[in-house]
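# Chains, contacts and geometry: an overview
Each chain, letter by letter, is given below.
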Amino acid sequence: MLVGSNFTTAQDFLQSTPHPHLWCFFSQWEKELQAYPRLNQPVFNDAIRVPLIGDATIRHAPLKLHDFPSGRLFFETWEKEIDPDFASLKKSNVVVVHNNYIIGHDAKKKRFLDRGLWLLRD
C-alpha cells in the first residue's frame, strides 16, 4: 500500500515464483535491519528503489486502496458516507483492512469486534 510517496510494509503481495532479484532484495533488507536496528518501513522504501544486480530493480506497485483500505479510509471516511448503501457496497468488496490510525492492540481488536470483523475466538 502506498502512503504518500512511501510504501507501508503492513500489507504486501509477492509473486510466488522464486526470483533471484527478490531474494537479493530481502537479503539486503534483512542485513540493513540487523546492522542498524530501526523501523523496517524506511529501510524497505530505500531498498525498493535501488538497483540490486546490475540495473535490475524489483518491479513494484501499490495495492489498490479500494481493495486494501487504510483504517482511516475504511473506519472513518466510508462510515461517514452520506449514502449508507454506497458505503456498504464499498466495504463489501474489501480484501484486507489495515487496522491502523488507532493505537494499541486492545483498541484495534475492539474496533474489529464492534464491526464483526474479528473472527478469532479467545
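Residues numbered from 1 in each chain as written. Predicted model: local features only at pLDDT ≥ 70, side-chain atom pairs only at ≥ 80, totals over all residues. Heavy atoms only, no water.

## Brief notes about the overall build of the protein chain
Scanning the protein chain for helices and strands turns up 5 helices and 2 strands. Counting from the amino terminus, the protein chain carries its helices and strands in the arrangement β-β-α-α-α-α-α. Scored against the burial criterion, the 122 residues of the protein chain give a buried share of 29%. (Helix = DSSP H or I, 4+ residues; strand = E, 2+ residues; numbered from the N terminus. Buried < 20%, exposed > 50% of the residue type's maximum accessible area, 1.4 Å probe, protein only.)

## Side note on helix H5 (residues 105–114)
By the burial criterion, the buried members of H5 are Lys109, Arg111 and Phe112. Within H5, the buried residues cover an arc of 160° as seen down the axis, which keeps them to one side. When the buried face of H5 is taken as reference, the exposed residues oriented beyond 90 degrees from it are Asp106 and Asp114. Looking at the buried side of H5, the elements it contacts are helix H3 (71–77). Just downstream of H5, Gly116 is the residue with a positive phi angle, here 70°. (Arc of directions from axis to C-beta. Contact = heavy atoms within 4.5 Å.)

## Quick look at the nonpolar core
Listed in full, the 9 residues of the largest apolar core are Phe7, Leu22, Phe25, Trp29, Val43, Phe44, Ala47, Ile48 and Ile58. Within the residue set of this core, elements represented by two or more residues are helix H1 (20–35) and helix H2 (40–48). Considering every element that reaches this core, the biggest residue donor is H2, with 4 residues. Residues in contact with Val43, not counting those within four places in the same chain, are Trp29, Glu32, Leu33 and Arg38. Counting residues in each nonpolar core, the second largest holds 7 residues, with Leu73, Phe74, Phe75 and Val97 among its members. (Core = buried A, V, L, I, M, F, W, Y, C linked by side-chain atoms within 4.5 Å.)

## Here's the deal with the environment of Asn100
Structurally, Asn100 can be placed in the loop between helix H4 (84–92) and H5. Among the residues examined, Asn100 registers a relative accessible area of 16% and is labelled buried. In this structure, the C-alpha to C-alpha distance between Asn100 and Pro69, residues 31 residues apart in sequence, is 9.8 Å. Here Asn100 is in contact with Ser70, Gly71, Arg72, Lys108 and Arg111, once residues within four sequence places are set aside.

## Focus: H1
For H1, built from 16 residues, the straight-helix expectation of 22 Å at 1.5 Å per residue is met to within 8% by its first-to-last C-alpha distance of 22 Å. Of the surrounding elements, those touching the buried residues of H1 are H2. (Expected span 1.5 Å × (residues − 1).)

## Some points on the confidence of the model for the protein chain
A residue-level look at the protein chain finds 89% of positions with pLDDT of 70 or above and a mean pLDDT of 83. Within the protein chain, H5 carries the highest mean pLDDT (94), whereas strand S1 (residues 2–3) carries the lowest (58). (pLDDT = per-residue confidence, 0-100.)

## Looking at the pattern of salt bridges
A complete count under the given rule lists 5 salt bridges for this structure. A salt bridge links Glu79 to Lys91; the shortest N-O distance between them is 3.1 Å. Of this pair, Glu79 sits in the loop between H3 and H4 while Lys91 sits in helix H4, placing them 12 residues apart in sequence. Under the relative-accessibility criterion, Lys91 is labelled partly exposed at 24%. Put simply, Glu79, Lys91 and Arg115 are held in one network by salt bridges that share partners. (Salt bridge = Lys/Arg side-chain N within 4 Å of Asp/Glu carboxyl O.)

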